[in-house]
Each structure stands twice: as structure tokens, then as C-alpha cells.
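# Observations on chain architecture
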Amino acid sequence: MDTVVNSRNTPPRGGGLRGIESRSIDYVPLRERHGKAWHLWPVWFTGDAHLATVATGVLGISMGSNLLWTGIAIVAGCAFGTFFMAFHSSQGPQLGLPQMIQSRPQFGYLGALLVWVVALVTYLGYNAFNQLLAGEAAHLLFGVDPTVAYLAFTALAVLLAVFGYDWIHKAQRWLAYGLLVVLAVFSVGIGFTGHVPSGQFSASGFHAEAFAIQFFVAAAYQLSWAIYVSDYSRYLPRTVGVRATFWWTYLGALIGGAWMMLVGAVAASINTGLNTSEAIQGAGNAIFPGFGTVLVVLALLGLITITGLNFYGASLTLLSIADSVRPVRSSRAKRVVTLLVCAVLSTSVALSASANFLHEFEHFLGILLLLFTPWTAINLVDFFWVRHTHYSIREIFNPRGMYGRWGWRGLLAYAIGFVAMLPFVNSAIYTGPVARLLGGTDIAMLPGLIVSGGVYLLACRSLDIAAERVLIARADADLETTEVR
């Protein structure tokens, strides 16, 4: 593999010229690592504390469940889905690589394209939904045309993504302080106003299908961050360890996600028939006049930053796809170009979307659950149980390297896990026989995790890990003194 000599005295590339990050899918050397593990808490608390998360918490109420059982489903679902997402975060400091490029050891240099294409569609879909919510909120707050709001919102999100890693961390940290105060006021205030309708806390209001859908949608929503969570931990020093990275990510995402979904559930139970932004504003103004507007504004700011994160991740994924076709050397120009391409694509989707947003969002999350469950099981089993965090950075970028062009073990486990999920699926496209027997309840996530992870673990029994470790030591001997590619 080609390498370019880089002296240890070379200035760090992470910050880049005038604060603009220059690295993308390439390895972050130890000399450029910085930050503390607790910095992950505000990234993922704020990453979940926005309007799209609120919309996710509305689903149970919209299906006829009451607030008590919707709340239980939200908290349990977030706790379950965030568990896997946080373990992915711990991969960042250990490898110094973005999340998606780490799929090559399991799926192969070209085989990883399978998950990357799915990830790119996910980013674009999420941002299209975010743009719709932003247009809705901006129209409510300022009376501006939604199309104008889409463009302004997208420009701000792309600008944040252009500056990159350090600026994203700073923006999330400062916004977290304001969100903590406002969410605390809302949570205490809503208890004193007494505006929640009677029967919302009755144990007899259990609705099995609504409970299951809210649980698994909340879990899928949290799991969906797994495709890029280590993008925002990869600059941390390797010494922060797996445990600290896991817990700071887990607590931030769990608290931010569950809290904001509960805000959505409460707002929907008080203001039935309103869109997401109107429901939040109405619930907040019930505490005291004008507070609802403050709540919507902060949720909108959170939506801008998470959309910036999505664009950042989409850019890295698009560069990973391009790198599989022809090796790509990182540069600011390439990152900016891919950001603009992703922005144009997601805005086109938003402009062509129908008015039935909430229904489409539910189905979108269901498809994500189906597609990313096998990948997350395979990726985590490989990292923690098969290779025990040991990988060759150089070989990940080698088209004819030790990980091969097609990783049959990962691809086979993904295919079998996907098929195993189908009987349990309930979606707009297909409903499996088990899901029909369960009254429409979709529990496909459970067999997907178990089967995919189990098949991959069995398939990897033929791997010679000891020989692989020898090759890793040889390939990465000069990793910290020369640039990868």
C-alpha cells in the first residue's frame, strides 16, 4: 500500500485550517487525539433532544395507548436500543476510524458496500424528515414558507458539518446546557398544571400492539445512531477505554432520547390532532405563556445540529463508497463536495415528500430496524468476541489485503439473519406470519440480533486469529509515523 511520510512534528490535521477539519475516513493518529470521555454525553444527549425524537414519542399515543404505557414502552425501548449503539461508540477510540469503514473486516473491501449504501439512504431519509419538521417549526414560529425554511435549515446544518468534529462537539455541548434547563422546567411544570387528560395514567389502558410498536420503534430509533456513533469518539485518546466511552454515550443518548420522546407523548396526549411542533408549543404554553415557543426553538436548534451530524456521517459514507471503487486520499475539498451532494439529495426528498409525515416516519424506522439489526450484531460480535478489538488499520484500506474483497462470513450471517427476521416483520411492504399471529406486533429485532450474531460467531471458528495478529503487527508497525495512504 502506498504511504506518505509524515513527521511527528506535523501539525494535527483534525482541526485543520481555521478550524475546518481535514480528516475524513482516514485514521486519526494518536498524536492528534484529544478530548475527554464525558464530552460524549452532551453530543448524544443533544443528538436525541430535538423534534424528530419528539415525533417518535407520539406514535403510541396516536395508536390509542395511554401515557402510562407509552412512557414505559419509550423508556424500555430506548434502554434496549441504546445498549447496542453505545457499544459501537467504544470502537472509536480503539480504532481511530469512522464507524462505517470498520465494516470491512466483517464484510470485505467490496462487501461492505452493502451496509454503506443502506447507511447512506438512512442518512438522506433522516435528514429529509428533519427538513420537513424544520419547515413545520419555522412556519409555526416565524410564518416563513416551508421551502425557504428547508434551504436555510440545510445551509446551517451543512456549515456545521463542514467545520466538522470539534465544532460539532462544541455546538452539542453548549446546546445541552439550555436543553437541560428547558426540559427540567417542562417536566416539573407539566406536573403542576394538571392538563393531562384523565385516564392517561390508568393501568387498564394497556394496548398490546401500540406498546410493542412504540417499544421497537424507540429501540430502532436509538439503534439507528449506531451507523455513525464512533465518528464522534474517534479523536478521543485510546486510553479512555471501552467502559468510559460506553457509559458516557449510553447515558447521554438514553436520557436525551427517552426524555424527548416522553415530551412528545405528553404533548400528544394534551393536544390531540395537532402536528408535532404545534403540540409541543401548546403543551409548553400551558405551563406559562411563551414557554412553548422557547421549547420549540431549542428543539429546532437541536434538529439543526443533529442534521449536521447526519450530513457529516453521510459525507464519510459516500467517501467510503467512492474509496471502494478507487482509493481516495482525504482532503477538505472532497469532504465539502460530498456534503453538498448529500444536501442536494436529502432536500430533493424533502421537497417531494407527502403530507402524511408521521405515518411515513413510522415505516421508515421499521425498515431501518430490519436492515441494521443484522449489521450491528455482526459488527459487535466481531469487535468484542472474535477479534477482541485487534485490527490492522492499513489492511482495512488495502483492496487486496488480509480482510479480502468479499467477507463471506459477514455476508452469510447478514443474509441468514435477515431471512430469520422476515416471519416476525410487520411493515407497509410485508407482514410475516408470526407478526400476524401476534396481532401485528413486530418483534423482528430479537431474532435478527440472535441469529446474525450467532451465525457469524460460528462462521468465524475457522479464522486463524493468532496468525492474523502477526500480520497486524507487521502491517501496522509504522502506523504512527507514516500516513495511511
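Being a predicted model, the structure only gives us computed values, none of them experimental.

### A word on the overall build of the protein
Scanning the protein from N- to C-terminus turns up 20 helices and two strands. Computed over C-alpha atoms, the radius of gyration of the protein comes to 22 Å, within 12% of the 23 Å expected from 2.2 N^0.38 for 485 residues, which places it in the range of a compact globule. With the C-alpha coordinates aligned to their principal axes, the bounding extent of the protein is approximately 70 × 55 × 40 Å. For the protein, the proportion of its 485 residues judged to be buried stands at 59%.

### Quick look at the confidence of the model for the protein
In this model, the protein carries a mean pLDDT of 87, and residues with pLDDT of at least 70 account for 93%. This stretch, residues 1-16, has a pLDDT under 50; its non-local contacts, to residues over four places away or in other chains, come to 41 contacts.

### Quick look at the side chain of Thr-376
Position of Thr-376 relative to the elements: it lies in helix H15 (residues 357-386). Engagement of the side chain of Thr-376 in a polar contact is seen with the side chain of His-88, the distance being 2.4 Å. In this structure, Thr-376 is in contact with Phe-84, His-88, Leu-223, Ala-226 and Leu-449, ignoring residues within four places of it in sequence.

### Structural notes on the packing of helix H1 (residues 40-48) against helix H9 (residues 165-193)
Closest axis-to-axis distance for the H1/H9 pair is 8 Å, and the angle between their directions is 60°. Relative to H9, H1 is oriented so that their crossing is left-handed. Residue-level contacts link Leu-40, Trp-41, Pro-42, Val-43, Phe-45, Thr-46 and Gly-47 of H1 to His-169, Gln-172, Arg-173, Leu-175, Ala-176, Leu-179, Leu-180 and Leu-183 of H9. Its residues placed into classes, the contact of H1 with H9 shows ten nonpolar, four polar and one charged.

### Some words on the packing of H9 against helix H11 (residues 241-270)
Helices that pack against each other are described as a pair by the angle of their axes relative to one another and the distance between those axes. Running from N to C, H9 and H11 cross one another at 40°; their axes reach a closest spacing of 11 Å. Accordingly, the angle class assigned to the pair H9 and H11 is oblique. Crossing geometry of H9 relative to H11 is assigned as left-handed. Counted together, Leu-180, Leu-183, Ala-184, Phe-186, Ser-187 and Ile-190 of H9 and Trp-259, Met-260, Val-263, Val-266 and Ile-270 of H11 form the full contact between these two elements. A class-by-class count of the residues in the contact of H9 with H11 yields ten nonpolar, one polar and no charged.

### Here's the deal with helix H20 (residues 465-475)
Ile-465, Glu-468, Ile-472 and Ala-475 are the residues of H20 that are buried. Projection of H20 onto a plane perpendicular to its axis shows the buried side chains occupying an angular sector of 80°, all on one side. With respect to the buried face of H20, the exposed residues turned more than 90 degrees away are Ala-466, Ala-473 and Arg-474.

### Quick notes on the environment of Ala-37
By the secondary structure assignment, Ala-37 is in the loop between strand S1 (3-5) and H1. Put simply, Ala-37 and Leu-369 are 332 residues apart on the chain and 28 Å apart in space, counted from C-alpha to C-alpha.

### Points about the pattern of salt bridges
Overall, the coordinates contain seven salt bridges when judged by the stated rule. Here Glu-32 ties to Arg-23 by a salt bridge, and the two come within 2.8 Å at their closest N and O atoms. A single burial state applies to Glu-32 and to Arg-23, both of which are buried. The partner of Glu-468 in a salt bridge is Arg-387, with the nearest N and O atoms 2.6 Å apart. Residue Glu-468 is located in helix H20, and its partner Arg-387 is located in the loop between H15 and helix H16 (393-396); the two are separated by 81 residues in the primary sequence. Each member of the pair, Glu-468 together with Arg-387, is buried. Here the residues in one salt-bridge network are Arg-23, Asp-26 and Glu-32, joined through shared partners.

### Brief notes about helix H12 (residues 276-285)
Counting buried residues in H12 gives seven out of ten residues, a clear majority hidden from the surface. Buried within H12 we find Thr-276, Ser-277, Ala-279, Ile-280, Gln-281, Ala-283 and Gly-284. Structurally, H12 contributes buried residues whose contacts are with helix H2 (51-57), helix H7 (113-142), H9, H11 and helix H13 (291-325).

### Some thoughts on the environment of Gly-308
Position of Gly-308 relative to the elements: it lies in helix H13. If we skip the residues at most four places from it in the chain, Gly-308 touches Ala-157 and Ala-161.

### Here's the deal with the packing of aromatic side chains
The final tally for this structure, using the stated rule, is 34 aromatic pairs. Residues Trp-41 and Phe-45 carry aromatic rings whose centres are separated by 4.8 Å and whose planes lie at 10° to one another, so their mutual orientation is stacked. A residue pair is termed a helical-turn pair when its members lie 3 or 4 positions apart in one helix, as Trp-41 and Phe-45 do in helix H1 at four residues. Linked through ring pairs, Phe-80, Phe-83, Phe-84, Phe-87, Phe-215, Phe-216, Phe-246, Trp-247, Tyr-250, Phe-383, Phe-384 and Tyr-391 together constitute an aromatic cluster. Between the NZ or CZ atom of Arg-104 and the centre of the ring of Tyr-109, over which it lies, the distance is 3.9 Å. The ring of Trp-167 carries the charged tip of Lys-170 above its face, separated from the ring centre by 5.6 Å.

### Things to note about the side chain of Thr-249
Its place among the elements puts Thr-249 in helix H11. Among residues more than four places away in sequence, those in contact with Thr-249 are Leu-40, Trp-44, Met-85, Ala-86, Ser-89 and Val-229.

### Here we look at a nonpolar patch on the surface
Together, Trp-38, Trp-174, Tyr-177 and Trp-248 line one region of the surface with nonpolar side chains, adding up to about 500 Å² of accessible area. One can find Trp-38 in the loop between S1 and H1.

### Quick word on the nonpolar core
Within the largest apolar cluster, 140 residues are counted, with the highest numbers of intra-cluster contacts made by Trp-44, Phe-186, Tyr-228, Tyr-232, Leu-303 and Trp-375. Per-element tally for this core: the top contributor is H13, with 16 residues. Excluding residues within four positions of it along the chain, Phe-186 makes contact with Val-263, Val-266, Ala-283, Gly-284, Ile-287, Phe-291 and Leu-295.

Here is what the cut-offs are and how they apply
- Residues numbered from 1 in each chain as written.
- Predicted model: local features only at pLDDT ≥ 70, side-chain atom pairs only at ≥ 80, totals over all residues.
- Heavy atoms only, no water.
- Helix = DSSP H or I, 4+ residues; strand = E, 2+ residues; numbered from the N terminus.
- Rg over C-alpha atoms; globule rule 2.2 N^0.38 Å.
- Buried < 20%, exposed > 50% of the residue type's maximum accessible area, 1.4 Å probe, protein only.
- pLDDT = per-residue confidence, 0-100.
- Contact = heavy atoms within 4.5 Å.
- Polar contact = N/O pair within 3.5 Å; in protein donor to acceptor, adjacent residues only side chain to side chain.
- Axes fitted to C-alpha atoms, helices over the stretch in contact; angles between N-to-C directions.
- Left-handed = near helix turned anticlockwise from the far one by under 90°.
- Nonpolar A, V, L, I, M, F, W, Y, C, P; charged D, E, K, R; others polar.
- Parallel < 35°, antiparallel > 145°, perpendicular 65-115°, else oblique.
- Arc of directions from axis to C-beta.
- Salt bridge = Lys/Arg side-chain N within 4 Å of Asp/Glu carboxyl O.
- Phe/Tyr/Trp six-rings, centres within 6.5 Å; stacked < 30°, edge-to-face > 60°.
- Lys NZ or Arg CZ within 6 Å of the ring centre and 35° of its normal.
- Patch = residues over 30% accessible without salt bridge, like charges linked within 9 Å, V, L, I, M, F, W, Y side chains within 5 Å.
- Areas by Shrake-Rupley, 256 points an atom, 1.4 Å probe, with all protein chains shown as cover.
- Core = buried A, V, L, I, M, F, W, Y, C linked by side-chain atoms within 4.5 Å.

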